[in-house]
Amino acid sequence: EKFDIVKKWGINTYKCTKQLLSERFGRGSRTVDLELETQIELLRETKRKYESILQLARALTSHLYSLVQTQHALGDAFADLSQKSPELQEEFGYNAETQKLLCKNGETLLGAVNFFVSSINTLVNKTMEDTLMTVKQYETARWDRGTHGGLRGPGGRSLTPGVPGRLEYDAYRTDLEELSMGPRDASAVSRLDAAQSQFQSHKDKYEKLRADVAIKLKFLEENKIKVMHKQLLLFHNAISAYFAGNQQQLEQTLKQFNIKLKTPGTEKPSWLEEQ
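Residues numbered from 1 in each chain as written. Predicted model: local features only at pLDDT ≥ 70, side-chain atom pairs only at ≥ 80, totals over all residues. Heavy atoms only, no water.

The name an unreviewed UniProt entry gives the chain is ARFP2 protein, with Tachuris rubrigastra as the organism.

Caption draft 1: Representation of the nonpolar core in the model. Core analysis: the biggest nonpolar cluster contains 41 residues, and Ile 40, Tyr 138 and Val 213 have the highest contact counts within it. Excluding its chain neighbours within four sequence positions, the residues that come into contact with Tyr 138 are Asp 33, Leu 36, Ile 40, Gly 165, Arg 166, Tyr 206, Leu 209, Arg 210 and Val 213. (Core = buried A, V, L, I, M, F, W, Y, C linked by side-chain atoms within 4.5 Å. Buried < 20%, exposed > 50% of the residue type's maximum accessible area, 1.4 Å probe, protein only. Contact = heavy atoms within 4.5 Å.)

Caption draft 2: A look at the UniProt feature "coiled-coil region" (unreviewed entry) in the chain. UniProt feature "coiled-coil region" (unreviewed entry): in the numbering of this structure it lies at residues 192-223. Segment residues 192-223 splits into 100% helix and 0% strand. End C-alpha atoms: 46 Å apart. (UniProt positions renumbered as here; feature names shortened; annotations may be inferred. Helix = DSSP H or I, 4+ residues; strand = E, 2+ residues; numbered from the N terminus.)

Caption draft 3: Summary view of the confidence of the model for the chain. For the chain, the mean per-residue pLDDT works out to 80, and 83% of the residues sit at or above 70. Averaged pLDDT values for the elements of the chain fall to 40 in helix 7 (residues 271-274) and rise to 94 in helix 2 (residues 34-84). Segment residues 141-163: pLDDT under 50, and 46 contacts once partners within four positions in sequence are set aside and those in other chains are kept. Ignoring residues within four places in sequence, the model shows residues 264-275, a span with pLDDT below 50, making 18 contacts including any to other chains. (pLDDT = per-residue confidence, 0-100.)

Caption draft 4: Focus on the packing of aromatic side chains. This structure, assessed with the given rule, holds three aromatic pairs. Seen from their ring centres, Phe 78 and Phe 92 are 6.0 Å apart, and the 35° between their planes marks the pair as tilted. Placement of the pair is Phe 78 in helix 2 and Phe 92 in helix 3 (residues 89-139), with a sequence separation of 14 residues. Residue classification places Phe 78 among the buried residues on the basis of a relative accessible area of 19%. Under the relative-accessibility criterion, Phe 92 is labelled buried at 17%. Measuring from centroid to centroid gives 4.7 Å for Phe 116 and Phe 235, while their planes differ by 40°, and the two rings are tilted. With Phe 116 in helix 3 and Phe 235 in helix 5 (residues 186-243), the pair connects residues that are 119 residues apart, well separated along the chain. Since its relative accessible area comes to 27%, Phe 235 is described here as partly exposed. (Phe/Tyr/Trp six-rings, centres within 6.5 Å; stacked < 30°, edge-to-face > 60°.)

Caption draft 5: Spotlight on helix 6 (residues 247-256). Residues of helix 6 that are buried: Leu 250, Thr 253 and Leu 254. With its buried residues spanning 95° around the axis, helix 6 presents them on a single face. Across from the buried face of helix 6, at angles greater than 90 degrees, the exposed residues are Gln 248 and Lys 255. In this structure, the buried residues of helix 6 make contact with helix 3 and helix 5. Note on helix 6: the residue one or two positions beyond its end, Asn 258, has a positive phi of about 55°. (Arc of directions from axis to C-beta.)

Caption draft 6: Here's a closer look at the packing of helix 5 against helix 6. At a minimum axis separation of 8 Å, helix 5 and helix 6 run at an interaxial angle of 160°. Considering the angle they form, helix 5 stands roughly antiparallel to helix 6. For the pair helix 5 and helix 6, the crossing hand works out as left-handed. Listed contacts from helix 6 to Leu 233, Leu 234, Asn 237, Ala 238, Ala 241 and Tyr 242 of helix 5 are Gln 249, Leu 250, Thr 253 and Gln 256. A class-by-class count of the residues in the contact of helix 5 with helix 6 yields six nonpolar, four polar and no charged. (Axes fitted to C-alpha atoms, helices over the stretch in contact; angles between N-to-C directions. Parallel < 35°, antiparallel > 145°, perpendicular 65-115°, else oblique. Left-handed = near helix turned anticlockwise from the far one by under 90°. Nonpolar A, V, L, I, M, F, W, Y, C, P; charged D, E, K, R; others polar.)

Caption draft 7: Representation of the side chain of Thr 131. Note on placement: Thr 131 falls in helix 3. Setting aside residues up to four positions removed in sequence, Thr 131 forms contacts with Leu 43, Lys 216, Leu 217 and Leu 220.

Caption draft 8: Up close: the environment of Asn 121. If you trace the backbone, Asn 121 turns up in helix 3. Taking the C-alpha atoms as reference, Asn 121 lies 6.7 Å from Leu 54; in sequence the two are 67 residues apart. Ignoring any residue separated from it by four or fewer positions in sequence, one finds Asn 121 in contact with Leu 54, Arg 58 and Lys 126.

Caption draft 9: Quick peek at the packing of helix 3 against helix 6. Between helix 3 and helix 6, the shortest axis-to-axis distance is 10 Å and the interhelical angle comes to 25°. Here helix 6 runs roughly parallel to helix 3, going by the angle between their axes. Here helix 3 and helix 6 pass one another in a crossing that is left-handed. Packed against helix 3, whose contacting residues are Leu 101, Lys 104, Asn 105, Thr 108, Leu 109 and Ala 112, the element helix 6 presents Gln 247, Leu 250, Glu 251 and Leu 254 at the interface. Taken together, the residues that form the contact of helix 3 with helix 6 break down as five nonpolar, three polar and two charged.

And the structure:
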(Lines give C-alpha, C1' and ligand atoms only; values in the text may rest on other atoms or scores of the structure.)
Protein backbone atom coordinates (compact mmCIF):
# COMPACT_ATOMS: atom_id res chain seq x y z
CA GLU A 1 0.00 0.00 0.00
CA LYS A 2 2.79 2.42 0.90
CA PHE A 3 4.57 1.54 -2.33
CA ASP A 4 1.44 2.37 -4.35
CA ILE A 5 1.13 5.72 -2.54
CA VAL A 6 4.75 6.56 -3.29
CA LYS A 7 4.33 5.49 -6.91
CA LYS A 8 1.20 7.63 -7.41
CA TRP A 9 2.86 10.56 -5.67
CA GLY A 10 5.94 10.27 -7.88
CA ILE A 11 3.96 10.03 -11.13
CA ASN A 12 1.72 12.94 -10.19
CA THR A 13 4.68 15.10 -9.12
CA TYR A 14 6.51 14.31 -12.36
CA LYS A 15 3.50 15.21 -14.51
CA CYS A 16 2.84 18.46 -12.64
CA THR A 17 6.51 19.49 -12.69
CA LYS A 18 6.71 18.75 -16.41
CA GLN A 19 3.58 20.81 -17.06
CA LEU A 20 4.83 23.71 -14.94
CA LEU A 21 8.20 23.82 -16.73
CA SER A 22 6.49 23.59 -20.13
CA GLU A 23 4.32 26.58 -19.26
CA ARG A 24 7.24 28.63 -17.96
CA PHE A 25 9.30 27.99 -21.09
CA GLY A 26 6.37 28.72 -23.37
CA ARG A 27 5.98 25.21 -24.73
CA GLY A 28 2.88 24.08 -22.84
CA SER A 29 -0.65 25.41 -23.03
CA ARG A 30 -2.48 26.65 -19.96
CA THR A 31 -6.24 26.47 -19.35
CA VAL A 32 -7.56 30.01 -18.95
CA ASP A 33 -10.99 31.11 -17.74
CA LEU A 34 -10.82 34.80 -18.65
CA GLU A 35 -13.96 35.83 -16.75
CA LEU A 36 -12.98 34.01 -13.57
CA GLU A 37 -9.35 35.12 -13.69
CA THR A 38 -10.43 38.74 -14.18
CA GLN A 39 -12.54 38.44 -11.03
CA ILE A 40 -9.65 36.86 -9.15
CA GLU A 41 -7.24 39.63 -10.15
CA LEU A 42 -9.84 42.22 -9.16
CA LEU A 43 -10.11 40.56 -5.74
CA ARG A 44 -6.34 40.71 -5.25
CA GLU A 45 -6.29 44.38 -6.23
CA THR A 46 -9.25 45.13 -3.94
CA LYS A 47 -7.51 43.35 -1.05
CA ARG A 48 -4.38 45.47 -1.55
CA LYS A 49 -6.45 48.67 -1.48
CA TYR A 50 -8.40 47.59 1.59
CA GLU A 51 -5.13 46.71 3.35
CA SER A 52 -4.02 50.30 2.71
CA ILE A 53 -7.28 51.63 4.21
CA LEU A 54 -6.79 49.34 7.21
CA GLN A 55 -3.25 50.60 7.76
CA LEU A 56 -4.35 54.24 7.58
CA ALA A 57 -7.32 53.63 9.90
CA ARG A 58 -5.00 52.04 12.45
CA ALA A 59 -2.70 55.06 12.20
CA LEU A 60 -5.72 57.34 12.78
CA THR A 61 -6.64 55.29 15.86
CA SER A 62 -3.13 55.70 17.23
CA HIS A 63 -3.16 59.48 16.67
CA LEU A 64 -6.63 59.84 18.21
CA TYR A 65 -5.55 57.84 21.24
CA SER A 66 -2.53 60.13 21.73
CA LEU A 67 -4.78 63.19 21.35
CA VAL A 68 -7.26 61.89 23.94
CA GLN A 69 -4.45 61.12 26.40
CA THR A 70 -3.02 64.62 25.93
CA GLN A 71 -6.43 66.25 26.41
CA HIS A 72 -6.97 64.22 29.56
CA ALA A 73 -3.62 65.33 31.00
CA LEU A 74 -4.23 68.94 29.96
CA GLY A 75 -7.67 68.92 31.58
CA ASP A 76 -6.18 67.62 34.84
CA ALA A 77 -3.52 70.35 34.74
CA PHE A 78 -6.14 73.07 34.17
CA ALA A 79 -8.31 71.71 36.98
CA ASP A 80 -5.37 71.66 39.38
CA LEU A 81 -4.43 75.24 38.54
CA SER A 82 -8.05 76.30 38.91
CA GLN A 83 -7.87 75.27 42.56
CA LYS A 84 -4.50 76.92 43.16
CA SER A 85 -4.95 80.17 41.21
CA PRO A 86 -7.89 82.13 42.68
CA GLU A 87 -7.32 85.04 40.30
CA LEU A 88 -7.68 82.70 37.26
CA GLN A 89 -9.98 80.11 38.77
CA GLU A 90 -12.83 80.72 36.31
CA GLU A 91 -10.60 80.72 33.22
CA PHE A 92 -8.75 77.57 34.21
CA GLY A 93 -12.05 76.02 35.24
CA TYR A 94 -13.87 76.34 31.92
CA ASN A 95 -10.76 75.24 30.03
CA ALA A 96 -10.65 72.14 32.23
CA GLU A 97 -14.31 71.42 31.46
CA THR A 98 -13.69 71.91 27.73
CA GLN A 99 -10.81 69.42 27.72
CA LYS A 100 -12.90 66.98 29.74
CA LEU A 101 -15.69 67.17 27.15
CA LEU A 102 -13.24 66.83 24.25
CA CYS A 103 -11.69 63.82 25.95
CA LYS A 104 -15.08 62.17 26.36
CA ASN A 105 -15.98 62.81 22.72
CA GLY A 106 -12.56 61.52 21.66
CA GLU A 107 -13.11 58.26 23.54
CA THR A 108 -16.49 57.89 21.85
CA LEU A 109 -14.94 58.50 18.43
CA LEU A 110 -12.20 56.01 19.22
CA GLY A 111 -14.86 53.41 19.94
CA ALA A 112 -16.36 53.99 16.49
CA VAL A 113 -13.01 53.97 14.67
CA ASN A 114 -11.85 50.82 16.49
CA PHE A 115 -15.08 49.09 15.47
CA PHE A 116 -14.40 50.19 11.88
CA VAL A 117 -10.82 48.84 12.06
CA SER A 118 -11.94 45.52 13.54
CA SER A 119 -14.57 45.00 10.85
CA ILE A 120 -12.21 45.86 7.97
CA ASN A 121 -9.55 43.60 9.46
CA THR A 122 -12.02 40.69 9.54
CA LEU A 123 -13.07 41.38 5.95
CA VAL A 124 -9.49 41.59 4.65
CA ASN A 125 -7.60 39.01 6.69
CA LYS A 126 -10.31 36.41 7.18
CA THR A 127 -13.07 36.66 4.58
CA MET A 128 -10.93 37.73 1.59
CA GLU A 129 -8.03 35.51 2.65
CA ASP A 130 -10.33 32.49 2.90
CA THR A 131 -11.52 33.10 -0.66
CA LEU A 132 -7.94 33.49 -1.89
CA MET A 133 -7.04 30.14 -0.31
CA THR A 134 -9.76 28.53 -2.43
CA VAL A 135 -8.33 30.39 -5.44
CA LYS A 136 -4.88 28.99 -4.65
CA GLN A 137 -6.25 25.45 -4.68
CA TYR A 138 -7.92 26.18 -8.01
CA GLU A 139 -4.80 27.63 -9.61
CA THR A 140 -2.20 25.05 -8.65
CA ALA A 141 -1.75 21.56 -7.27
CA ARG A 142 -1.45 21.43 -3.49
CA TRP A 143 0.38 18.84 -1.40
CA ASP A 144 -0.83 18.93 2.19
CA ARG A 145 1.61 18.71 5.05
CA GLY A 146 0.97 15.42 6.83
CA THR A 147 -0.89 15.71 10.09
CA HIS A 148 -1.94 12.11 10.53
CA GLY A 149 1.41 10.34 10.20
CA GLY A 150 2.17 8.20 7.17
CA LEU A 151 4.74 8.70 4.45
CA ARG A 152 6.57 11.98 4.15
CA GLY A 153 8.25 13.60 1.20
CA PRO A 154 10.76 16.48 0.99
CA GLY A 155 10.19 19.30 3.49
CA GLY A 156 7.96 17.09 5.66
CA ARG A 157 5.17 16.96 3.08
CA SER A 158 2.76 14.09 3.18
CA LEU A 159 2.92 11.76 0.19
CA THR A 160 -0.86 11.68 0.13
CA PRO A 161 -2.11 13.91 -2.73
CA GLY A 162 -3.91 17.09 -1.76
CA VAL A 163 -6.65 18.87 -3.67
CA PRO A 164 -5.97 18.82 -7.45
CA GLY A 165 -5.96 22.21 -9.12
CA ARG A 166 -5.62 23.86 -12.48
CA LEU A 167 -1.98 22.77 -12.89
CA GLU A 168 -2.78 19.12 -12.20
CA TYR A 169 -5.73 19.23 -14.59
CA ASP A 170 -3.55 20.64 -17.38
CA ALA A 171 -0.83 18.07 -16.66
CA TYR A 172 -3.21 15.17 -17.27
CA ARG A 173 -4.87 16.94 -20.20
CA THR A 174 -1.47 17.35 -21.88
CA ASP A 175 -0.62 13.73 -21.16
CA LEU A 176 -3.86 12.61 -22.83
CA GLU A 177 -3.26 14.85 -25.85
CA GLU A 178 0.25 13.46 -26.33
CA LEU A 179 -0.97 9.85 -26.16
CA SER A 180 -3.82 10.64 -28.58
CA MET A 181 -1.30 11.71 -31.22
CA GLY A 182 0.79 8.54 -30.83
CA PRO A 183 0.45 5.05 -32.39
CA ARG A 184 -2.72 3.00 -31.84
CA ASP A 185 -1.41 -0.45 -31.08
CA ALA A 186 -2.95 -2.57 -28.30
CA SER A 187 -0.53 -1.30 -25.66
CA ALA A 188 -1.06 2.33 -26.68
CA VAL A 189 -4.85 1.97 -26.65
CA SER A 190 -4.65 0.57 -23.12
CA ARG A 191 -2.52 3.51 -21.98
CA LEU A 192 -4.85 5.92 -23.77
CA ASP A 193 -7.89 4.49 -21.97
CA ALA A 194 -6.12 4.82 -18.61
CA ALA A 195 -5.09 8.41 -19.43
CA GLN A 196 -8.66 9.23 -20.47
CA SER A 197 -9.97 7.90 -17.16
CA GLN A 198 -7.37 9.85 -15.14
CA PHE A 199 -8.04 13.00 -17.14
CA GLN A 200 -11.79 12.76 -16.57
CA SER A 201 -11.25 12.32 -12.84
CA HIS A 202 -9.02 15.40 -12.63
CA LYS A 203 -11.35 17.36 -14.89
CA ASP A 204 -14.30 16.69 -12.58
CA LYS A 205 -12.30 17.80 -9.55
CA TYR A 206 -10.96 20.86 -11.37
CA GLU A 207 -14.44 21.93 -12.44
CA LYS A 208 -15.67 21.51 -8.88
CA LEU A 209 -12.85 23.76 -7.65
CA ARG A 210 -13.65 26.30 -10.34
CA ALA A 211 -17.30 26.27 -9.26
CA ASP A 212 -16.25 26.67 -5.61
CA VAL A 213 -14.16 29.72 -6.53
CA ALA A 214 -17.02 31.29 -8.52
CA ILE A 215 -19.45 30.78 -5.62
CA LYS A 216 -17.01 32.16 -3.04
CA LEU A 217 -16.27 35.19 -5.20
CA LYS A 218 -19.99 35.87 -5.51
CA PHE A 219 -20.64 35.53 -1.79
CA LEU A 220 -17.57 37.60 -0.97
CA GLU A 221 -18.75 40.46 -3.18
CA GLU A 222 -22.19 40.43 -1.56
CA ASN A 223 -20.67 40.32 1.92
CA LYS A 224 -18.16 43.07 1.10
CA ILE A 225 -20.90 45.44 -0.07
CA LYS A 226 -23.00 44.72 3.01
CA VAL A 227 -20.10 45.21 5.44
CA MET A 228 -18.68 48.32 3.78
CA HIS A 229 -22.08 49.98 3.46
CA LYS A 230 -22.45 49.75 7.24
CA GLN A 231 -18.85 50.62 8.11
CA LEU A 232 -18.54 53.61 5.77
CA LEU A 233 -21.79 55.05 7.11
CA LEU A 234 -20.52 54.57 10.67
CA PHE A 235 -17.16 56.17 9.89
CA HIS A 236 -18.72 59.15 8.12
CA ASN A 237 -21.32 59.84 10.80
CA ALA A 238 -18.88 59.49 13.69
CA ILE A 239 -16.17 61.68 12.15
CA SER A 240 -18.69 64.34 11.07
CA ALA A 241 -20.33 64.49 14.51
CA TYR A 242 -17.00 64.65 16.33
CA PHE A 243 -15.54 67.53 14.34
CA ALA A 244 -18.87 69.36 14.40
CA GLY A 245 -18.78 69.10 18.19
CA ASN A 246 -22.14 67.34 18.19
CA GLN A 247 -21.86 65.09 21.23
CA GLN A 248 -25.47 63.89 21.03
CA GLN A 249 -25.14 62.83 17.39
CA LEU A 250 -21.81 61.13 18.12
CA GLU A 251 -23.31 59.06 20.93
CA GLN A 252 -26.37 58.29 18.80
CA THR A 253 -24.10 56.95 16.05
CA LEU A 254 -22.62 54.38 18.43
CA LYS A 255 -26.08 53.35 19.60
CA GLN A 256 -27.21 52.99 15.99
CA PHE A 257 -24.44 50.47 15.32
CA ASN A 258 -24.66 48.76 18.73
CA ILE A 259 -21.15 49.79 19.79
CA LYS A 260 -20.63 49.73 23.54
CA LEU A 261 -17.78 51.52 25.29
CA LYS A 262 -16.22 50.28 28.48
CA THR A 263 -16.83 52.58 31.41
CA PRO A 264 -13.60 54.48 32.17
CA GLY A 265 -11.98 53.45 35.45
CA THR A 266 -13.92 50.19 35.87
CA GLU A 267 -10.92 48.01 35.04
CA LYS A 268 -7.25 48.25 34.23
CA PRO A 269 -5.99 48.51 31.56
CA SER A 270 -8.71 50.66 30.05
CA TRP A 271 -10.45 49.79 26.80
CA LEU A 272 -8.29 52.41 25.07
CA GLU A 273 -5.07 50.73 26.15
CA GLU A 274 -6.27 47.35 24.92
CA GLN A 275 -6.74 48.48 21.33
